[in-house]
Amino acid sequence: MRTFYGLLGAISISLLLVLNAHALTAREIMEKVDARDDGDNMTARQEFVLIDRNGHKRVKTTKAFSKDKGRDTLRMSFFLAPADVKGTGFLTYDYREPGRDDDQWLYLPELKKVKRIASSDKSSSFMGTDFSYADMTKRAIEEWKYKLLKEMEVRGAKCWLIEALPASPEVEDRYGYTKSVVFVRQDNFVVVRGLHWVKDGNKLKYYDVPKLEKIDGIWTAVQMTMKTVKAKQTQHRTILTFHDVKYGQKLDLDMFSTRMLEKGI
């Protein structure tokens with residue numbers, strides 16, 4: 001019996017070592033998040049619902065386009081309503097090269113002028129929402145240091161909780177976050193929840209994905225929320241919903257330009 005249990009114990013230890021050897025590190029998990037197929041040549045209609053601390057709502061709608069260029073992603077959106085922002089255009093060149101700052105431009109129809117978003121302004125609010133200009137781009141994994149905290153479930157799906165710290169003061173300034181904790185679903189490597197510590201103002205920002213759908217075989221966040229909290233009180237929140245999401249559309253690279261931003265749709 002001693003020999004049997006000794007052998008069983010040795011097998012259990014060996015099996016545990018094999019499992020640990022194949023366990024993903026926090027960095028490896030985030031690499032899989034980065035490599036996940038998120039579609040190409042996408043069109044959609046976006047609805048931003050802005051809700052202030054008193055519950056008052058304001059709705060802004062846009063038409064959005066995105067296209068991959070190698071590892072980089074080009075994104076463009078035009079505001080359709082309300083009247084005071086109609087015709088406003090937003091263009092992003094989301095670069096995957098570590099250390100290369102993304103290019104972003106905003107077209108303001110009342111001024112008939114394209115404004116380049118400076119790196120120092122990217123932590124500020126995007127068109128009055130709780131999302132920042134930096135939030136509208138995909139993070140370069142090399143710009144963050146990761147630590148696996150634990151596992152838990154979000155809406156019945158197993159997730160990894162991963163702490164992300166800015167790798168440099170420049171990254172911290174650009175995003176305006178001193179730390180983030182993200183929840184990554186284990187079955188599809190989608191970030192479905194996040195908590196961000198805001199550098200200035202002693203605030204927290206809570207990100208969530210209430211609605212996740214598979215469209216053309218691609219896991220797509222069709223609704224996401226971001227709320228800003230200070231002293232445990234919600235200051236403002238934004239609900240972003242995607243409608244009529246379509247992939248594989250005919251989109252030319254030439255349309256993702258400041259000239260087209262001025263021309264509009």
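These numbers were taken from a predicted model, which means no experiment stands behind them.

Some details on the overall build of the chain
Then comes step 1: Looking only at helices and strands, the chain features four helices and 13 strands.
Then comes step 2: Viewed in the frame of its principal axes, the chain has a C-alpha envelope of about 85 × 45 × 35 Å.
Then comes step 3: Accessible area of the chain: about 14600 Å², with a carbon and sulfur share of 52%.

Notes on the side chain of T137
Then comes step 1: If you trace the backbone, T137 turns up in the loop between strand 6 (113–116) and strand 7 (144–154).
Then comes step 2: Take T137: its relative accessible area is 12%, and that puts it in the buried class.
Then comes step 3: Among the polar contacts made by the side chain of T137, one reaches the side chain of D102 at a distance of 3.4 Å.
Then comes step 4: Beyond its immediate stretch of four places on either side in the chain, T137 contacts R75, T92, D94, D102, Q104 and Y175.

A look at the pattern of salt bridges
Then comes step 1: The final tally for this structure, using the stated rule, is 17 salt bridges.
Then comes step 2: A salt bridge links D38 to K138; the shortest N-O distance between them is 3.8 Å. Residue D38 is found in the loop between helix 2 (26–35) and strand 1 (42–52), and its partner K138 is found in the loop between strand 6 and strand 7; the two are separated by 100 residues along the sequence.
Then comes step 3: Here D101 ties to R174 by a salt bridge, and the two come within 3.5 Å at their closest N and O atoms.

Some thoughts on helix 2
Then comes step 1: When we look at burial in helix 2, the residues that qualify are A26, I29, M30, V33 and D34. For helix 2, the angular spread of buried residues about the axis comes to 140 degrees, placing them on one side.
Then comes step 2: Close packing links the buried residues of helix 2 with strand 7, strand 8 (157–166), strand 9 (177–185) and strand 10 (191–198).

Conventions and cut-offs
Residues numbered from 1 in each chain as written. Predicted model: local features only at pLDDT ≥ 70, side-chain atom pairs only at ≥ 80, totals over all residues. Heavy atoms only, no water. Helix = DSSP H or I, 4+ residues; strand = E, 2+ residues; numbered from the N terminus. Areas by Shrake-Rupley, 256 points an atom, 1.4 Å probe, with all protein chains shown as cover. Buried < 20%, exposed > 50% of the residue type's maximum accessible area, 1.4 Å probe, protein only. Polar contact = N/O pair within 3.5 Å; in protein donor to acceptor, adjacent residues only side chain to side chain. Contact = heavy atoms within 4.5 Å. Salt bridge = Lys/Arg side-chain N within 4 Å of Asp/Glu carboxyl O. Arc of directions from axis to C-beta.

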